[in-house]
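Residues per chain, in single letters:
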Amino acid sequence: MENIAFLPIGPEVILLVGAVLVLMSAVALNQGERDWGIIGGIALVVAFFLSWAQWLRLDGLETNFQLAFAARDSNVFSNAMIVMDRFSALAGMLIFLVAFMAMVGNWRLVPRLGKRGAEYVALVLLAAAGLHMMTISSNLILLFMGLETASIALYVIAGFVRVERNSDESALKYFLLGSFASAIFLYGIALVYAGTGSLTIYGSGGIIDFFGTQPVALFDVGVLLTGIALMIVGLAFKISAAPFHQWAPDVYQGAASASVALMSAGVKVAGVAALARVLFAAFPSRIDDWAPLLAVLAVLSIVVGTIGAIGQRDVKRMLAYSGVAHAGFMLTAFVAGGEGMTSVWFYLATYALQLVGAFTVVTLVSGARSGSAPFDDFTGLWQRSPRVALAMGVFMLGMGGIPFFAGFVGKVAVFGSAISANYLWLAIVGMVAAIAGLFFYLRIVVLMFFEAPVMAEAPGTAKAAPRLSGGGGLVVTVCAALTVILGIIPWPLLNLVRNAVL
Amino acid sequence: MFPTLALMVLIPVLGAVVVGLVPKRRSELIFPLALVVSFLPLAVVGYVVWEFEVGQPGYQFTQQVLWYEPWGVSWNVGVDGISLLLLALTAVLFPVSIAASRSIEKNQKMYMVAMLLLETGMLGVFVALDLLLFFVFFEITLVPMYLLIGIWGSGNKVYAAVKFFLYTALGSALMLVGIVWLAVISGTFDFRAMLDIPLTSSQQGWLFLAFGVAFAVKVPIFPFHTWLPDAHTEAPTAGSVLLAGVLLKLGTYGFVRFNLTLFPDAAVRFAPWLAALAVVGIIYGAAVAIVQPDVKRLIAYSSVSHLGFIILGIFAMTSQGLTGGVIQMVNHGLSTGALFLLVGMIYDRRHTRMISDYGGVAKVMPVFAGLFLFSVFASAGLPGLNGFIGEFKILLGSYLRFPAAAVLAATGVILAAVYLLWAYERVFTGPIVHKENEKLFDLNAREVLIIAPLAVLMLFLGVYPKPALDRIEPAVAEVIERIEDATDFTAPEFGMPEDLAGGGE
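As the structure is a prediction and not an experimental result, all values here were calculated from the model.

Each value, and the rule that gives it
- Residues numbered from 1 in each chain as written.
- Chains lettered and ligands numbered in written order.
- Predicted model: local features only at pLDDT ≥ 70, side-chain atom pairs only at ≥ 80, totals over all residues.
- Core = buried A, V, L, I, M, F, W, Y, C linked by C-beta atoms within 7 Å.
- Buried ≥ 20, exposed ≤ 12 C-beta atoms within 10 Å, placed from the backbone.
- Helix = DSSP H or I, 4+ residues; strand = E, 2+ residues; numbered from the N terminus.
- Contact = placed C-beta atoms within 7 Å.
- Nonpolar A, V, L, I, M, F, W, Y, C, P; charged D, E, K, R; others polar.
- Axes fitted to C-alpha atoms, helices over the stretch in contact; angles between N-to-C directions.
- Parallel < 35°, antiparallel > 145°, perpendicular 65-115°, else oblique.
- Left-handed = near helix turned anticlockwise from the far one by under 90°.
- pLDDT = per-residue confidence, 0-100.

**Student:** Go over the nonpolar core with me, naming the residues and quoting the values.
**Tutor:** Residue and element names in this part refer to chain A. Ranked by internal contacts, the top residues of the largest apolar core, which has 415 residues, are Val-98 and Val-356. At 19 residues, the largest contribution of residues to this core is made by helix H11 (residues 257-282). Sequence-distant contacts of Val-356, that is, excluding residues within four places in its chain, are made with Val-98, Met-101, Ala-102, Ala-261, Ala-265, Val-475 and Cys-479.

Spelled out as structure tokens, the structure:
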């Protein structure tokens, strides 16, 4: 047992070791431009393969690991902190893949940061570790710690690659609002504890099941439901679901493009997974209470995100608002409970790929260190660099949910879940909004393909044609290829994620 | 069994990949390569037509491969008499359109790739027997068409492209919800399995509407038609040909294949409304076509009118009407396709589509004028040419069910003669008013060769439509039988006592 006990927390250990290693060696060597990213990249790759190993290991030894590490089968007051199941393994693979791609996509950023490069890499690793911790926790306090580890690292990252004053503003805004949301989340945990007397995710579920019918002093339904609602609010903030989304456009636009991919896609994966773990594992018996709440959140997110995105003139702000809508689409499947998890996973995985790809294109086109990415940068892109434009077109149509792109299958999946849970109206609202969403995705396509490039006002100021090369080119190509392939043959991924439900 | 249909659907995609890989310095290869590729599906369709067993109801060349069990999604294809003819139409129109696109210079490679992807989508729609598969093909045709209009169109092309895309996508949004809902009810996306699932009357009504709006926008049925004149007019020639020839048929085909068979009860209930809208479309489209100054716009509005006929025939739900509707889909594709091609040819010479810029063209371009007149006659339904067969059968069939509608629709035939012949008169006859037109040269051999197959088919279907009708009728009989089994509706036939006809209302 001893020798394999490392596996469940393996990814975290590797990432923290990597982070410390980078920081230490940066201090010890005291040198400027170095490719600290290599250590970060290696740590993330190892973490990814450890998650994969977890996935494979669970094939036959599932019970062993759960008894050794967590709570599922142990008694409700157990101190188990960590659960290793296929759910967390899949979340790990996704998070580390996203973080890795976000790093590779801006490979040359780290050396350019000089001495601070090492700190940047360490922060990315810490954020990835925190995000993964959110998905492996079977204890609410540990979940909160993972959330905070990731959040604090990301607050710093938001303002780290600073080129404009906007970065400060966006980092501060992110920090203040984020802390507020974390506090709400923590208060929710406290109330759940007050309601159930248990902090373990599987334990509190057991208590609710046990006392579900008879009121006892320990178990107050009102307190419990308030707690659940506050936890949902906290996580809704992190995944930028409306009405807790206001920070997203400003923060995305203010932060350097290079760091937004992790900030958006990584947090979405972890936040949605944590929300699923909490709701499906701890409170499945209260689904009739929280499902309507999520349905409202989903509709609000879809509508607010779509309407908000229509008026934008900046690609990053547009993607932020569309991200709000996509959070809504994912929440749509939540109303089906654990049954909907396959849909959520598929949507989450494909959306994360498209989002990382799209933000990487933004860094290629508008520069990795700049904050804003005005539409003008994309005008006539097809004539300047056809491949980049084609890839961005794939991401836009994919997010828009056009058939033959992965986003379409995701939409069918989540709407199917909602409909089978008797939320037909939710599917209708979502579908109409999805088509309205095409309006702004198509606008990017129109700009890139149908219009001539904006002429530079003075010679020499014209933006150089972005090239699909280096790490960014690789990431964009891989994401675009996967978006198309998973749109045409989504079945392997669907079959895969079907094993990772709670 | 050999996956003939899968091969047919896949060839254009593979061709698109090959064309996409042609290096820049060998760009002269792009056009011949695309042309050759577009002939391959025609060959496969030819084989399917040849091997198709006439008189046998049900689907042939079927193939079903389960893709994802929890959803019941499968690669599920087959052809019956209805889809067979539309497949043939599609397979004929693509080589013709590609041959007519030789003058495209701006990024020819992407143009050809878009054309070939479009062909896959359009062929796929007509063979798909799985609703998700159908939707994928139905919707994917939007993207290449959107690019064709937006990049290679003329005039207000971006507006037309975006309008086309959003209109049709919005229309099909609810169909997707409907499809998923239907799949949740029946546990599968398999169309043939769904036929056995009993639906309540209100479910049928809502699903009929969800599917119906998608198809109505595509057809387009009045008042959903406003995207059509813009898209048809601004699209490049090949785009217009395929829009009118095939894309609109996706809607009418959808009505026949899905709305009538899956929701027969609702279809019987909604039929009078659709017949009424069809008649409005016939007369409105014709009336607006008369006053158009732009030839392409005129033909576009004539499509609104002609498609009204098809819808009227379909929702008459009589054997005659449905058969007429199906064969008229093919006829309209041939004659309107030919007209758009011809307009494109003169546009290449004069770069104007305004009727007032022409006059007396017959003097300098006699062959062109002859072919144009031929297509005009076919479109107006002159006996002996294909349009007559379809319109006659539709009027016959709809008279049995909706006599008033049939009488009103018949005025559409007269109006069609008015707008088409009047336009012909203004463009081709009389003296040459504009000096520029004196130098116009007649069609060359290549251009005649492009029109020739369509002209031959128009004549053939006009004088000897029996082979086509023989294939359509068993499939249509099956649709009507399905409606009669599921409802107390009885399709009226000639010689049937009055009190039996049109029952169930």
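Next, the rest of the story.
**Student:** Mind laying out the interface of chain A and chain B, listing which residues take part and the relevant values?
**Tutor:** Between chain A and chain B, the contact holds 24 residues from the first and 24 residues from the second. Where the side of chain A that touches chain B is concerned, the elements lending two or more residues are helix H17 (406-420), helix H18 (424-450) and helix H20 (491-497) of chain A. Looking at the side of chain A that touches chain B, the element that brings in the most residues is H18 of chain A, giving 13 residues. A per-class count over the side of chain A that touches chain B returns 22 nonpolar, two polar and no charged.

**Student:** Now, about the packing of helix H11 (residues 237-262) of chain B against helix H20 (residues 466-486) of chain B: what can you tell me, with residues and values included?
**Tutor:** All names here are of chain B. At their nearest, the axes of H11 and H20 sit 9 Å apart, and the two run at 20° to each other. Here H11 lies roughly parallel to H20, going by the angle between them. Crossing geometry of H11 relative to H20 is assigned as left-handed. Residue-level inspection shows Val-256, Leu-260 and Thr-261 of H11 in contact with H20, the latter providing Val-479, Arg-482 and Ile-483. Split by residue class, the contact of H11 with H20 holds four nonpolar, one polar and one charged.

**Student:** I'd like a description of the environment of Tyr-441 of chain A, backed by residues and values.
**Tutor:** Structurally, Tyr-441 of chain A can be placed in helix H18. Discounting residues that sit within four places of it in the chain, Tyr-441 of chain A has contacts with Met-396, Leu-397, Met-399 and Gly-400 of chain A.

**Student:** Describe in detail the confidence of the model for chain A, supporting the description with residues and values.
**Tutor:** Residue and element names in this part refer to chain A. Predicted confidence across chain A gives a mean pLDDT of 83, with 87% of residues reaching 70 or more. Per-residue pLDDT, averaged within each element of chain A, yields its smallest value for helix H8 (residues 201-211) (66) and its largest for helix H13 (residues 315-334) (92). This model gives residues 63-78 a pLDDT under 50, and the stretch forms 36 contacts once residues within four places in sequence are excluded. Ignoring residues within four places in sequence, the model shows residues 458-462, a span with pLDDT below 50, making two contacts including any to other chains.

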